[in-house]
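# Inside the fold
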Amino acid sequence: MSAHPNYNASDYQENRPRYNPSLIDTVLALHRKNNPDADTDLAVDIATGTGIFARQLSSHFKRVVGTDISAEMLQSARDSTTDSSIEYIATPSEDLSVLETGSVDVMTVATAAHWFDIEAFIKEAKRVLKPSGTLAIFGYNGIINLVDYPHSSKILKEYYLNGDRYGYNWGAGYFIVANGYRIYHQALEKDGWSDIERRIFPDTIEGEPSAEYPPIVETEPIVVDFKVTWQTLQNYLLTSSAVTQFVKQHPERENPAKAVTRKMMSAAGTTDMDEKLNTQWEQVLLTCHLPRTSN
């Protein structure tokens, strides 16, 4: 779960969703789907940020490497664990020269692949994975269905999909995850990767289902099931990259995360920041294996 190099790492660590404990079991089951004896020697968590998912991997692999471009994030990751099986390395996702060719059993990317140079990243993933290796890309897009407050849900979705109305811009990468990493499904299929499976929850994540690259629609959350109040929802929105940059550039203007939270609460007819919310996070899990012809 990577972030902009100028993020406040402690705020990011505290206010971002945690991944479902069952997610690693799902990834491992898919890793072993066609090979029950597939190795679990080395896992690499790309764009690991504060190491949230790297720590979940560590109990299942002999060794874990977390990579990221942010020195601050990696220091926060190191400070968050005493697990000697995890190593953190500063390097871009498109340059994995710190890893040996054909050495990685499982590579994960947690809520970060939408910021990569897709072609360059896939090339490096293909180089470092073992012939039986698995690539798992997953994430949530921030669009949350507030089950009890549908009008507030519409306000939040508009906030994400039309950020310019609030004065900020997510950048093109955001819409890659907003569309369920469909572009990765397409790129991996064209590159000859095998066993590509893309799972989404709920069925609203992509709008109309893709006939060419259809996902599997899950009935339960697969990546995150993060419980929030209005306060923690606002805190989460405050840590997003677009808002962080907006505040730096326009300190005199109202924070858009606070503005949209106030607007959603007004639509819900509540002022209780501690109210627990019934939520469904839009999320996706894409897994695949190296092309069968890879050496």
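Just so it is clear, the structure is predicted and the values come from calculations on it, not from any experiment.

## Looking at the side chain of Ser103
Tracing the backbone shows Ser103 in the loop between β3 (86-90) and β4 (104-110). Within the local environment of Ser103, its side chain forms a polar contact with the backbone oxygen of Glu100, the two atoms lying 2.7 Å apart. Dropping the residues within four chain positions of it, Ser103 is found in contact with Leu42, Val128 and Lys130.

## Brief notes about the packing of aromatic side chains
Under the definition given, this model contains 14 aromatic pairs. Centre to centre, the rings of Tyr149 and Trp230 are 6.0 Å apart; their planes meet at 40°, and the pair counts as tilted. Of the two residues, Tyr149 sits in the loop between β5 (129-146) and α6 (150-161) while Trp230 sits in helix α9 (residues 230-238), which places them 81 residues apart along the sequence. Residue classification places Trp230 among the buried positions, given a relative accessible area of 0%.

## Quick word on α6
Two residues of an α-helix separated by three or four positions point the same way, owing to the 3.6 residues in each turn. Given a rise of 1.5 Å per residue, 12 residues ought to cover 16 Å, and the 16 Å separating the end C-alpha atoms of α6 matches this to within 8%. Those residues of α6 that are buried lie in contact with β5, α7 (174-178), α9, α10 (241-249) and α11 (256-268).

## A word on the UniProt feature "domain: Methyltransferase type" (unreviewed entry) in the protein chain
Here, UniProt's "domain: Methyltransferase type" (unreviewed entry) annotation points to residues 44-137. The straight-line gap between the two end C-alpha atoms of residues 44-137 is 12 Å; of that span, 28% is helix and 32% is strand.

## With respect to the packing of helix α5 (residues 118-128) against helix α8 (residues 182-190)
Two elements in contact, α5 and α8, have axes whose closest approach is 11 Å; the angle formed by their N-to-C orientations is 55°. Judged by the angle between their axes, α5 and α8 are oblique. Note on packing geometry: the crossing formed by α5 with α8 is right-handed. In this structure, α5 uses Ile118, Phe121 and Ile122 to contact α8, whose residues at the interface are Ile183, Tyr184, Ala187 and Leu188. Residues belonging to the contact of α5 with α8 are distributed by class as follows: 7 nonpolar, no polar and no charged.

## Considering the sheet that holds strand β1 (residues 42-46)
Pairing is mixed across the open sheet formed by 8 strands, whose spatial order is β3-β2-β1-β4-β5-β10-β6-β7. Whereas interior strands pair on both sides, the edge strands pair on one side only; in this sheet they are β3 and β7 (216-217). Sheet topology places strand β2 (residues 63-68) next to β3; 5 bridges connect them, and they run parallel. Looking at the pairing, Gly66 lines up with Tyr88 of β3. Those strands touched by helix α4 (residues 71-79) are β2 and β3, and its axis lies near 170° from that of β3.

Cut-offs used in this document
- Residues numbered from 1 in each chain as written.
- Predicted model: local features only at pLDDT ≥ 70, side-chain atom pairs only at ≥ 80, totals over all residues.
- Heavy atoms only, no water.
- Helix = DSSP H or I, 4+ residues; strand = E, 2+ residues; numbered from the N terminus.
- Polar contact = N/O pair within 3.5 Å; in protein donor to acceptor, adjacent residues only side chain to side chain.
- Contact = heavy atoms within 4.5 Å.
- Phe/Tyr/Trp six-rings, centres within 6.5 Å; stacked < 30°, edge-to-face > 60°.
- Buried < 20%, exposed > 50% of the residue type's maximum accessible area, 1.4 Å probe, protein only.
- Expected span 1.5 Å × (residues − 1).
- UniProt positions renumbered as here; feature names shortened; annotations may be inferred.
- Axes fitted to C-alpha atoms, helices over the stretch in contact; angles between N-to-C directions.
- Parallel < 35°, antiparallel > 145°, perpendicular 65-115°, else oblique.
- Left-handed = near helix turned anticlockwise from the far one by under 90°.
- Nonpolar A, V, L, I, M, F, W, Y, C, P; charged D, E, K, R; others polar.
- Pairing = 2+ DSSP bridges.

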